[in-house]
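In case you want the letters, here they are:
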Amino acid sequence: MRRKLAAGNWKMNGTAANLAELEALKSLMPVDAPDVLICPPAPLLFRAHEVAGDTGIQIGAQDCHNHESGAFTGDISATMIADTGATHVIVGHSERREAYEEHDSDIRKKAKAAWAAGLTAVICIGESGDDHEANNTLEIIAGQLAGSLPDATSATNTVIAYEPIWAIGTGKVPTLEQIVQVHDFIRAKIITRFGAEIGDMIPLLYGGSVKPDNAATIFEAENVDGALVGGASLKAADFAPIIEALAAS
């Protein structure tokens, strides 16, 4: 059985005071909760790890540099992230790909750096609105999978998150049929490349305007193993129902 994962990306939101939401989430976790991951801003990583304690809530970072150390002012390495107690790091988020012009080759290097530090890489892929309208979604996804996933990708070091860029923070959500099509396509691609034993066990998350009122429908898809949630993960009262929906799927 593939592990289910509800991941929350706080993006550049929150200060120490917002860790009260993480404290609140602990009390709202269902008994049969799936894996839960919170990715706060880098300055909160250590304190978030302390707040999470032994509840099973894991903490991750939102990005890392591909070098372990060096003259990279303002960056954070995977080794530094692991030193805070974090277990995961998001790489290749569309906001990084677009605003910072990160390419598949950059994402591949970052994933390797994450693994070297003992972290699980949450590798993001997804098409733009223009590509979606031009029916190029599967072509874009295939290229990102080929370029972003290192050859040593496995179910123990990698989670793949599909986030259609046109759905992130817009309130627009693909139909269940569209989500199924893309996730089934991703599953087939990684099985072909890495073999069934590995490819069938890598968790596939969906991200893009996931809310308490649509989560259960999204989790009906066979190859959706969880979600990468943005805004709805900032409040425990919003994120907890998504976790519950995943647990029930």
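Everything numeric in this text was worked out from a predicted model, so none of it was measured.

Undergrad: Any chance you could break down helix H2 (residues 45-52) for me, citing the residues and the numbers?
TA: Listing the buried residues of H2 in full gives Leu-45, Ala-48, Val-51 and Ala-52. Down the axis, H2 shows its buried residues gathered within 125 degrees of arc, on one side only. Its buried side turned inward, H2 meets helix H1 (19-28), strand E3 (57-61) and helix H3 (78-83).

Undergrad: Could you give an account of the nonpolar core, with specific residues and numbers?
TA: Core analysis: the biggest nonpolar cluster contains 60 residues, and Leu-25, Ile-160, Ile-186, Phe-219 and Phe-239 have the highest contact counts within it. Element by element, the count of residues in this core is highest for helix H11 (residues 236-248), at 7 residues. If near-sequence neighbours (up to four positions away) are discounted, Phe-219 is found in contact with Val-224, Gly-226, Ala-227, Ile-242, Ala-245, Leu-246 and Ser-249. Cys-39, Cys-124, Ala-161 and Leu-228 belong to the second-largest nonpolar core, a separate cluster that totals 11 residues.

Undergrad: Can you break down the side chain of Asn-214 residue by residue, with the values?
TA: Tracing the backbone shows Asn-214 in the loop between strand E7 (204-206) and helix H10 (215-218). Only 3.0 Å separates the side chain of Asn-214 from the backbone oxygen of Ser-209, close enough to count as a polar contact. Ignoring sequence-local partners within four residues, the contact set of Asn-214 consists of Val-173 and Ser-209.

Conventions and cut-offs
Residues numbered from 1 in each chain as written. Predicted model: local features only at pLDDT ≥ 70, side-chain atom pairs only at ≥ 80, totals over all residues. Heavy atoms only, no water. Buried < 20%, exposed > 50% of the residue type's maximum accessible area, 1.4 Å probe, protein only. Helix = DSSP H or I, 4+ residues; strand = E, 2+ residues; numbered from the N terminus. Arc of directions from axis to C-beta. Contact = heavy atoms within 4.5 Å. Core = buried A, V, L, I, M, F, W, Y, C linked by side-chain atoms within 4.5 Å. Polar contact = N/O pair within 3.5 Å; in protein donor to acceptor, adjacent residues only side chain to side chain.

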